[in-house]
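Structural description and commentary
This is what each chain is made of:
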Amino acid sequence: MEFKDLDPILHNELRLKIMAALDSLDNADFAYLKSVTKATSGNLSVQLTNLEEAGYIKVTKSGEGRGSHTVCRITPRGIRAMKDYQRTLMQYFSK
Amino acid sequence: MEQFDALEVIARTRGKVDLDSVPTGGKLFPLWGWLAAIVYSLEFLLWQLLHQEWCLWLWVLIPAVGIPLMILSIRKDRDRTHMRTRESRLVLDYWIFAACVFGLGGFLFGFTGVYEVVENPLMALLVGVGAFITGGAMRFRPMIVGGLVGAAIGVCSFALQGDLWVWQMLAFVASAAVALIIPGHLYQKSVKDGI
């Protein structure tokens, strides 16, 4: 029996937490994602960049320095990827 | 590959987001409600006393006073607002639409002379529908019921035409009271009581 591979971008605990949060929301800022994921700022920042490079989220930055504000939003591609990921996981359990 | 229970991570994160997703907006209801009720009551009284056309332009006070107050209120809450749900986005879009109709309609109907025919009932209807949608998104029953009653007042006040049109203003005051002021204060009380 063949199992489809899990999306390596999503199969990382922190990235999956970020995507699960954004999948339920219209948008969320850096501070909120930090509180939901309990990640450090550095780690969260790196994973947000990875997700943005994969085209799964859109990151919008406004302002500079201490007053800067980062808002993240899931993209249609990200929504599709989350659906596929969950479908694949369910297949693992059903087979 | 990393070892963790992916389904549990998804479920836990979504559960946490759901707990945080108490939509805001109820705070602004009393502000807009009181402002609309005071301005329209004043408009009604002055029109009855003076019968001057400028009295019908007092509605301009609502955005002129309300918008700066709303900006101040939002600024105060800015540090606490970290995310927006899809429902609160929908609610926001609706109120922007209603505000545009209110502003544009006010000028358009005011200059063309049909202000007293449609503007007030239309606004009462839009306010009622807005409260209904907001209440639905917030799962707050008094706001849903208040919105329905407010919209019904709006629909009924379309019938106030001819010499009766002036009573449309008080119908709008009633709509603002049941759709905005009462549910808004009840919501604030429920938040304060931690319900």
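Conventions used here
- Residues numbered from 1 in each chain as written.
- Chains lettered and ligands numbered in written order.
- Predicted model: local features only at pLDDT ≥ 70, side-chain atom pairs only at ≥ 80, totals over all residues.
- Heavy atoms only, no water.
- Salt bridge = Lys/Arg side-chain N within 4 Å of Asp/Glu carboxyl O.
- Helix = DSSP H or I, 4+ residues; strand = E, 2+ residues; numbered from the N terminus.
- Buried < 20%, exposed > 50% of the residue type's maximum accessible area, 1.4 Å probe, protein only.
- Patch = residues over 30% accessible without salt bridge, like charges linked within 9 Å, V, L, I, M, F, W, Y side chains within 5 Å.
- Areas by Shrake-Rupley, 256 points an atom, 1.4 Å probe, with all protein chains shown as cover.
- Contact = heavy atoms within 4.5 Å.
- Buried area = accessible area lost by both parts, 1.4 Å probe.
- Polar contact = N/O pair within 3.5 Å; in protein donor to acceptor, adjacent residues only side chain to side chain.
- Nonpolar A, V, L, I, M, F, W, Y, C, P; charged D, E, K, R; others polar.
- Pairing = 2+ DSSP bridges.

Attention now goes to the pattern of salt bridges. Inspection of every chain in the model, using the stated rule, returns 6 salt bridges over all chains. Arg14(B) serves as the salt-bridge partner of Asp23(A), at 2.7 Å between the closest nitrogen and oxygen. In this pair, Asp23(A) sits in helix H1 (residues 13-23) while Arg14(B) sits in helix H1 (residues 6-20), so the two residues belong to two different chains. Take Asp23(A): its relative accessible area is 15%, and that puts it in the buried class. For Asp84(A), the salt bridge is made with Arg87(A), and the minimal N-O distance between the two is 3.1 Å. With Asp84(A) and Arg87(A) both in helix H4 (residues 76-94) and 3 residues apart, the pair spans about one turn of that helix.

Taken together, Leu61(B), Val65(B), Leu69(B) and Leu72(B) make up a surface patch of nonpolar side chains, about 320 Å² in accessible area. Given the relative accessible area of 55%, Leu72(B) is considered exposed.

With 20 residues of chain B at the contact, the number on the chain A side is 29 residues. When chain B packs against chain A, the two sides together hide about 2300 Å² of surface, and 60% of this comes from carbon and sulfur. The three residues of chain B that bury the most area against chain A are Arg14(B), His82(B) and Arg86(B), which together make up 24% of that side's buried surface. In this assembly, chain B and chain A are joined by 2 salt bridges. For the interface between chain B and chain A, the tally reads 8 residue pairs in polar contact (both at pLDDT 80 or more). Those elements giving two or more residues to the side of chain B that touches chain A turn out to be H1, strand S1 (83-84) and helix H4 (86-112) of chain B. With 9 residues, the single largest contributor to the side of chain B that touches chain A is H1(B). Grouping the constituent residues of the side of chain B that touches chain A by class yields 8 nonpolar, 5 polar and 7 charged. Pairing geometry for strand S1 (residues 27-29) of chain A and S1(B), over 2 bridges, is antiparallel.

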